[in-house]
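Residue-level structural notes
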Amino acid sequence: AQSVTQPDIHITVSEGASLELRCNYSYGATPYLFWYVQSPGQGLQLLLKYFSGDTLVQGIKGFEAEFKRSQSSFNLRKPSVHWSDAAEYFCAVGDILTGGGNKLTFGTGTQLKVEL
Amino acid sequence: EAGVAQSPRYKIIEKRQSVAFWCNPISGHATLYWYQQILGQGPKLLIQFQNNGVVDDSQLPKDRFSAERLKGVDSTLKIQPAKLEDSAVYLCASSPDRVAETQYFGPGTRLLVL
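Attention now goes to the interface of chain B and chain A. Each side of the interface is counted separately: chain B has 26 residues, and chain A has 23 residues. A combined buried area of about 1800 Å² lies between chain B and chain A, and 52% of that area is made up of carbon and sulfur atoms. Taken together, the connections running from chain B to chain A amount to one salt bridge. Of the charged contacts, one joins D56 of chain B and K103 of chain A as a salt bridge, the two residues approaching to 3.3 Å between their closest N and O atoms. There are four residue pairs in polar contact (both at pLDDT 80 or more) connecting chain B and chain A. In terms of residue count, strand β4 (residues 31-37) of chain B provides more of the side of chain B that touches chain A than any other element does, four residues in total. In the side of chain B that touches chain A, the residues fall into 10 nonpolar, 12 polar and four charged.

See the structure below:
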């Protein structure tokens, strides 16, 4: 069965500093990988996704992620964090279902705090 | 384009009572998902519909949870009777019927069972 591990429950960074959030996955074939962000009281918003092709994926709000098959990782990065980036970040792996759509398995999330 | 709508946003009930949540997906999206997000955890898929048919309900506690998507548009998720451990945020998402397509999430319904 597929699974996702986000080893860091909480991360604190200073505004303007770089950020890397870790994500490791377990999946038997080529995975579809996603990063979502959730602000308090809000639903999840997609930051970026990897489907195939270039292993460095660009997303919204200046985020990027790199798919590394050899390490089963899909880490999220941002070169300079803004205070508004404080939120919870979820990594997910998708499994295509024969009936249509795809089934997402989420990690437990990383809570990002930004110090001014 | 309107997003995924959910109601109510908050609900407080006592254990053994019943509760229902409503979801209206993005227009034209064939696939609809219900997730349960317990505090401190990532969302867990409960059930997935393709139009008005169930694709996956393997993690739905069928002794107390039920869901329907009549006419392939709106959906309702019901819990009867509720238990304390059902306290969670219930998220609805929808997506077009394409491989690896993005799921768009609603704001969720926060349920507290006392």
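After that view, the rundown keeps rolling.
A few words now on the state of the cysteines. Taken as a whole, this structure holds two disulfides over all chains when the rule is applied. Bridging C23 of chain A to C91 of chain A, the disulfide has an S-S length of 2.0 Å. One quick way to see it: the torsion about the S-S bond of C23 of chain A and C91 of chain A is about -65°, and its sign makes the bridge left-handed. Linking C23 of chain A in the loop between β3 (19-21) and β4 (24-26) with C91 of chain A in strand β10 (residues 87-96), this pair joins segments that are 68 residues apart in sequence. You'll find C23 of chain A and C91 of chain A in the same group, each marked buried. Between C23 of chain B and C92 of chain B runs a disulfide, and the two sulfur atoms are separated by 1.9 Å. Residues C23 of chain B and C92 of chain B share a disulfide whose torsion about the S-S bond is about -70°; that sign makes it left-handed. Taken together, the positions of C23 of chain B in strand β3 (residues 19-24) and C92 of chain B in strand β9 (residues 88-95) put the pair 69 residues apart, joining distant regions of the chain.

Moving on, we get to the packing of aromatic side chains. What characterises a pair of aromatic rings is the spacing of the ring centres plus the angle enclosed by the ring planes. Per the stated rule, a full pass over the model turns up 15 aromatic pairs over all chains. Seen in terms of ring centroids, F106 of chain A and Y35 of chain B are 5.8 Å apart; in terms of plane orientation they differ by 85°. Their pairing is edge-to-face. Of the two residues, F106 of chain A sits in strand β11 (residues 102-106) while Y35 of chain B sits in strand β4, which places them in two different chains. The same class applies to F106 of chain A and to Y35 of chain B, which are both buried. Seen from their ring centres, F65 of chain B and Y90 of chain B are 6.4 Å apart, and the 40° between their planes marks the pair as tilted. In this pair, F65 of chain B is assigned in strand β7 (residues 65-68) and Y90 of chain B in strand β9, connecting sequence segments 25 residues apart.

All names here are of chain B. The strand order across the open sheet formed by four strands is β1-β3-β8-β7, and the pairing between neighbours is antiparallel. Two strands in the sheet have a free side with no partner beyond their single neighbour: β1 (5-7) and β7. Strand-to-strand twist across the sheet, computed as the mean angle between neighbouring axes with direction ignored, equals 15°. Sheet analysis places β7 next to strand β8 (residues 75-79), joined by four bridges and oriented antiparallel.

The omega torsion of the bond from S7 of chain B to P8 of chain B falls at -10°, within 30 degrees of zero and hence cis. Its place among the elements puts P8 of chain B in the loop between β1 and β2 (10-13). With omega at -5°, the peptide bond leading from Q80 of chain B into P81 of chain B counts as cis. As for its placement among the helices and strands, P81 of chain B is situated in the loop between β8 and β9. Even without being a glycine, K61 of chain A presents a positive backbone phi close to 60°. Within the secondary structure layout, K61 of chain A lies in the loop between β7 (56-58) and β8 (64-68). Of note, R16 of chain B is a non-glycine position whose phi angle comes to about 80°, a positive value. If you trace the backbone, R16 of chain B turns up in the loop between β2 and β3. Given the relative accessible area of 63%, R16 of chain B is considered exposed.

Cut-offs used in this document
Residues numbered from 1 in each chain as written. Chains lettered and ligands numbered in written order. Predicted model: local features only at pLDDT ≥ 70, side-chain atom pairs only at ≥ 80, totals over all residues. Heavy atoms only, no water. Contact = heavy atoms within 4.5 Å. Buried area = accessible area lost by both parts, 1.4 Å probe. Salt bridge = Lys/Arg side-chain N within 4 Å of Asp/Glu carboxyl O. Polar contact = N/O pair within 3.5 Å; in protein donor to acceptor, adjacent residues only side chain to side chain. Helix = DSSP H or I, 4+ residues; strand = E, 2+ residues; numbered from the N terminus. Nonpolar A, V, L, I, M, F, W, Y, C, P; charged D, E, K, R; others polar. Disulfide = S-S within 2.5 Å. Buried < 20%, exposed > 50% of the residue type's maximum accessible area, 1.4 Å probe, protein only. Phe/Tyr/Trp six-rings, centres within 6.5 Å; stacked < 30°, edge-to-face > 60°. Pairing = 2+ DSSP bridges. Axes fitted to C-alpha atoms, helices over the stretch in contact; angles between N-to-C directions.

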